[in-house]
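In case you want the letters, here they are:
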Amino acid sequence: MSSKAIREKKDDGRPAYHWTTPAELSPSLTRDAEPTGPRLFGAVGLALVVFGGVALLVHLSGRTSSWVGPTWGGLATLAGLGGLLLHAAGDSDLQIRRAYMSFAYLVLALGALLSVVPYKGPAFGLFLPYGLCLLLVGLLFQMAFVRNEVEAKTRDYALYALGGVGALLALAGFVGGNISTSFLLPNGLLMVAAGFVFLWAFVGLKGVTDDTGYYAALGVGALGALAALLALARSMPHILSQTDAFARRGWLAGSAPYLMPNGLVLLGGGLAYLALALFMTSERPFVIMTRRQLGAYFYSPIAYFMLLLFALVACLYFGQFVGDRLLDPMTNRPKTGVPEPIILSYFFSLIPIFCLVFVVPVLTMNLLSEENRSGTLEMTLTAPQEETTIVLSKFAAALFLFMMTWVPWGLFLVALRVGGGNPFDYQPFLAWLIVLLFTGAGFVSMGVFFSSLTKNQLTAAVFTFVGMLLLVVLFLAKQQMTSQDALWYKVFSRVSFLDLWLEALDGKLAVSQLFYHLSVTVFWLFLSVKVLESRKWR
Amino acid sequence: MIEVKNLTKYFGPVLAVDCVSFNVARGEIVGLLGLNGAGKTTTMRILTTYLPATSGGAALAGFDVRTQSLDVRKRIGYLPENVPLYPEMRVEEYLDYRSKLKGLGRKDRQTRIDYCLGRCRIREVRRRLLGTLSKGYRQRVGLADAMVADPAILILDEPTAGLDPVQIRETLALIKELGASRTILLSTHILSEIEEVCDRIMIIHRGRLASDKKIADLEMTDTVFVEVHGPNDRVVEVLRTTDGVDGVQARPFGDGVVACEVTLRNRDDMREAIAQRITRNGWTIRSLDQRRKKIEEHFMDIVSTGDPLRDKAG
């Protein structure tokens, strides 16, 4: 007799063929690797920020510490913030990313407050340096948070905060700059620049496929176009009054000059905004791929590392440069006047040239080699895209970052002129910038070529490094030659980029030499395209 | 939709694809089978215009892969074997980037990406970094990428590699659904998958197209396996002349027994007829069995022989 507790299960006769896929439970979603590295950086960073922050506060309160001065305090805070930022970007844990989000909001709010509050002076008096620095720090942490956040709403709020700050900065910069000259320089200009970075971050992270991102980008373009047109319109009366026809009739006789510097600054800012909008909304494959490559640089620590390293080297070098050239060794006081040509001695030195030789391989080593190794090149080439577009987009992104690495060097010169009150002949600097762009294009294209040859980044880097060294050695070899009439001397003088630098830093722009570097660029890029195409001949 | 004519590809001295010709019609799902290194991936890479053929040619949707490569690429979706992805990008970002590269307009982009995220069941990982995805998810992101621009032709190199059984089922159902309006060429090692989704299979062996048959045709014929105690030649002769028999392959054992594999013309049960013919001759039967040949056996038959064409000629 069977137990009453056990009941026979009745077969309800329903077959099992109405089978539906169960909710996905399989462990195919891998857990992110424990971010040990970023957490270590975060811990060290926090310690440094506290240490440096205390040192700075002690200094600000008027007391001087005998063992940690403001310089070391500032450097420790900066390095600490770098560590924290690495942690914020690398650790997507819910608690941690939200903590950084709160920190970013706090810093942004504090930055905005300090920018507008008239503390012991006019409004916007604290924008430089406190407001601006805090806003930029807030931006970086907010960007790191947005990259890691998975909840759409929270992410959107954080993005709108960035977009809002960007829009306010841009409007304040353009409107204020149009009203008052004293506001435009330097505050207005910096607001326009900071607004540019904020809006770029907003549109970039929101994406132009999204309606909000797309229309925001169009808005940025419209603002830029308006600012540029206004700057032109305000500059035109004086320019026209200088023409014969107007001068004869006495038209617009009393109009004040506007183009230099206000008109130019606002025009440049407006055009930059317009270019940003075009760059972000363009659907051209070249622009799409350049955007991706720039994203790849900025999503990995490589761009930040390079920029920070270069800024640090520039900072140390600038300190040494000022000490050597501008201070009287006997009294340790500034010399009267600046020993010219100061630009020449600033850039034509071992450290900048070493930096140049070093930066090109780092920026270009993985451009095509990594795509080749991982197979993503096959994905791109089986989409309707040409080899030429791929090579050009890689080149453009690397060249952009190459030029960016020199920004700190230029900013120190601006600081010398504006902050230090040392006027110097700045025209060689402009000539050198143009030469840097052209020679840089040559170097970067060489790097692109070497990275197209191999699947190994390191091999590409070594080849590019050797190539860069050879170009420097060419100049040194030429210096050793006794006869200036020898054929090789002439050839080396033409080929060596350092000769071109010397001329530019001397204030002379040799256009024919620029064409030489342009053709070198075209040559390397052509070869890179052919290397990619060579899979079709083999 | 896909026309391939005398396609040949050498890598240096190595012959990877040897004079392959086939056609795939619109709405057909064709499976490409073959051992590792048989030439499947190379054939697919030629069709996607990534590699050029050494000789011969192919046309997809009426465009030549060599001279109208851009037109071909606008009409295909390709899933390569290892699904290379940019590790620093998020799933959604990647699909957005790829759909832009494939020329999808802004309005369509959002809808198509949303559709692909749902169909390939990757919506839950759309904010994850591609570098942190498992093989199964990578495979599905690759599939979403292949179909994001709604191409007329899909070329899928092992679309189910790395998926778990549930995902395989899902993916195959998706492929079958997509195949209703598109032409699909897919390669795989898993023969049961081919049976499930494909209309036709092609077996590539040592670079050559060794078999190209419709699944229905493969399943049409049966084989009788019989072991007879009798003289080899006579037994073969008797079996071959039986009605309904297409061919006989015999393998004599040492003890006077000959094992025969009798291919039939149709699926009729021939066991009794064959037994009668044998016993009428006074021979005895050790075993008799009629089986439907599966794709697997068909595949093994081909790949276990040497050069298929040479064997046939011999």
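Residues numbered from 1 in each chain as written. Chains lettered and ligands numbered in written order. Predicted model: local features only at pLDDT ≥ 70, side-chain atom pairs only at ≥ 80, totals over all residues.

1. Digging into the overall build of chain B
So, point 1. If you tally the helices and strands in chain B, you get 12 helices and 14 strands.
So, point 2. When each of the 314 residues of chain B is scored for burial, the buried share is 42%.
So, point 3. Restricting to contacts in chain B with at least 6 residues of sequence separation, those with at least 24 account for 66%. (Helix = DSSP H or I, 4+ residues; strand = E, 2+ residues; numbered from the N terminus. Buried ≥ 20, exposed ≤ 12 C-beta atoms within 10 Å, placed from the backbone. Contact = placed C-beta atoms within 7 Å.)

2. Description of the overall build of chain A
So, point 1. Within chain A, the secondary structure is distributed over 22 helices and 0 strands.
So, point 2. Across its three principal directions, the C-alpha atoms of chain A cover 120 × 70 × 65 Å.
So, point 3. The buried share among the 538 residues of chain A stands at 37%.

3. Some points on the sheet that holds strand E8 (residues 183–187) of chain B
All names here are of chain B.
So, point 1. Read across the sheet, 6 strands follow the order E6-E7-E8-E3-E9-E10 without closing on themselves; strand pairing throughout is mixed. Every interior strand has two partners, whereas the edge strands, strand E6 (76–79) and strand E10 (208–214), have only one. Averaged over all adjacent pairs, the angle separating strand axes in this sheet is 15°, with direction ignored.
So, point 2. The pairing of strand E3 (residues 29–33) with strand E9 (residues 200–205) spans 4 bridges and is parallel. From the neighbouring strand, Leu 32 faces E9, where its bridge partner is Met 202.
So, point 3. Packed onto the sheet, helix H1 (residues 40–47) meets E3, strand E7 (153–157), E8 and E9 and runs at close to 150° relative to E7. (Pairing = 2+ DSSP bridges. Axes fitted to C-alpha atoms, helices over the stretch in contact; angles between N-to-C directions.)

4. Some words on the packing of helix H6 (residues 181–206) of chain A against helix H9 (residues 259–281) of chain A
Residue and element names in this part refer to chain A.
So, point 1. It is at 11 Å that the axes of H6 and H9 come closest, and there the two elements cross at 0°. Viewed along their axes, H6 and H9 adopt a mutual orientation that is roughly parallel. Of the residues in H9, those touching H6 at Thr 181, Leu 184, Leu 185, Leu 189, Val 192, Phe 196, Trp 200, Val 203 and Gly 204 are Pro 261, Asn 262, Val 265, Gly 269, Ala 272, Tyr 273, Leu 276 and Met 280. (Parallel < 35°, antiparallel > 145°, perpendicular 65-115°, else oblique.)

5. Regarding the interface of chain A and chain B
So, point 1. With 30 residues of chain A in contact, the opposing surface of chain B contributes 35 residues.
So, point 2. Mapped onto the side of chain A that touches chain B, the elements with two or more residues apiece are helix H10 (285–299) and helix H15 (376–382) of chain A.

6. A word on the pairing of E8 of chain B
All names here are of chain B.
So, point 1. Along E8, 5 of the 5 residues are buried, which leaves the element largely enclosed by surrounding structure.
So, point 2. Pairing of E3 with E8, which is carried by 4 bridges, proceeds in the parallel orientation. Bridging across to E8, Val 30 finds its partner in Leu 185.
So, point 3. Sheet topology places E7 next to E8; 5 bridges connect them, and they run parallel. Its bridge partner lying in E8, Asp 157 is registered against Ser 187.
So, point 4. With helix H6 (residues 165–179) bridging E7 and the parallel E8, this β-α-β connection has right-handed handedness. (Right-handed = clockwise from strand over helix to strand, strands pointing away.)

7. Some details on the sheet that holds strand E11 (residues 222–229) of chain B
Sheet strands pair by backbone hydrogen bonding; their relative direction is either parallel or antiparallel.
Residues and elements named next belong to chain B.
So, point 1. The strand order E12-E13-E11-E14 describes an open sheet built from 4 strands, whose pairing is antiparallel. Of all the strands in the sheet, just strand E12 (245–252) and strand E14 (284–292) have a single pairing partner and so form its edges. Each strand of the sheet is rotated relative to its neighbour by a mean of 15°, with strand direction disregarded.
So, point 2. In this structure, E11 lies alongside strand E13 (residues 257–264), joined through 7 bridges in antiparallel fashion. Across the sheet, residue Val 224 finds its bridge partner in E13, namely Val 262.
So, point 3. Each of E11, E12 and E13 is contacted by helix H9 (residues 232–240), which is oriented at about 165° to E12, the strand it contacts most.
So, point 4. Each of E11, E13 and E14 is contacted by helix H10 (residues 271–280), which is oriented at about 155° to E14, the strand it contacts most.

8. Regarding the pairing of E10 of chain B
Looking down a regular strand, the side chains alternate between one sheet face and the other.
Residues and elements named next belong to chain B.
So, point 1. Examined bridge by bridge, E9 and E10 share 6 bridges and lie antiparallel to one another. Across the sheet, residue Arg 200 finds its bridge partner in E10, namely Lys 214.
So, point 2. The hairpin formed by E9 and E10 contains 2 residues between the paired strands, and Arg 206 there has a positive phi angle of roughly 50°.

9. Structural notes on the nonpolar core
It is characteristic of soluble globular proteins that their nonpolar side chains tend to be buried jointly.
So, point 1. Counting residues in hydrophobic clusters, the biggest one holds 134 residues, and the most contacted among them are Ala 398, Val 444 and Val 448 of chain A together with Ala 144 of chain B.
So, point 2. The element contributing the most residues to this core is helix H18 (residues 427–453) of chain A, with 12 residues.
So, point 3. Among the nonpolar cores identified, the runner-up in size contains 61 residues, and Val 165, Leu 169, Phe 174 and Leu 276 of chain A belong to it. (Core = buried A, V, L, I, M, F, W, Y, C linked by C-beta atoms within 7 Å.)

10. Some words on the confidence of the model for chain B
Note: predicted coordinates in regions of low pLDDT should not be interpreted at a detailed level.
Residues and elements named next belong to chain B.
So, point 1. Averaged over every residue, the pLDDT of chain B is 86; residues scoring 70 or more account for 96%.
So, point 2. Counting interchain partners and residues more than four positions distant, the pLDDT-below-50 stretch residues 308–314 has 7 contacts.
So, point 3. With a pTM of 0.84, the predicted complex shows an ipTM of 0.85. (pLDDT = per-residue confidence, 0-100.)

11. Let's talk about helix H11 (residues 301–326) of chain A
So, point 1. Between the first and last C-alpha of H11 of chain A there are 36 Å, a value that for 26 residues agrees with the 38 Å anticipated at 1.5 Å per step.
So, point 2. Of the positions making up H11 of chain A, those classed as buried are Met 306, Phe 310 and Ala 314 of chain A. (Expected span 1.5 Å × (residues − 1).)

12. Thoughts on helix H13 (residues 350–364) of chain A
So, point 1. Taking 1.5 Å of rise per residue, the 15 residues of H13 of chain A would be expected to cover 21 Å, and the 22 Å separating its terminal C-alpha atoms lies within 8% of that figure.
So, point 2. As for H13 of chain A, its buried residues are in contact with H11, helix H16 (387–405), H18 and helix H19 (457–480) of chain A.

13. Side note on the environment of Val 444 of chain A
All names here are of chain A.
So, point 1. Relative to the elements of secondary structure, Val 444 occurs in helix H18.
So, point 2. Along the primary structure Val 444 and Thr 364 are separated by 80 residues, whereas in three dimensions their C-alpha atoms are 6.6 Å apart.
So, point 3. For Val 444, the contacting residues outside a window of four places in its chain are Val 360, Leu 363, Thr 364, Phe 395, Ala 398, Leu 399 and Phe 402.

14. Topic: the confidence of the model for chain A
So, point 1. On average, chain A scores 86 in pLDDT, and the residues at 70 or more come to 91%.
So, point 2. Contacts from residues 13–17 of chain A, a stretch scored under 50 in pLDDT, to residues over four places away or in other chains number 0 contacts.

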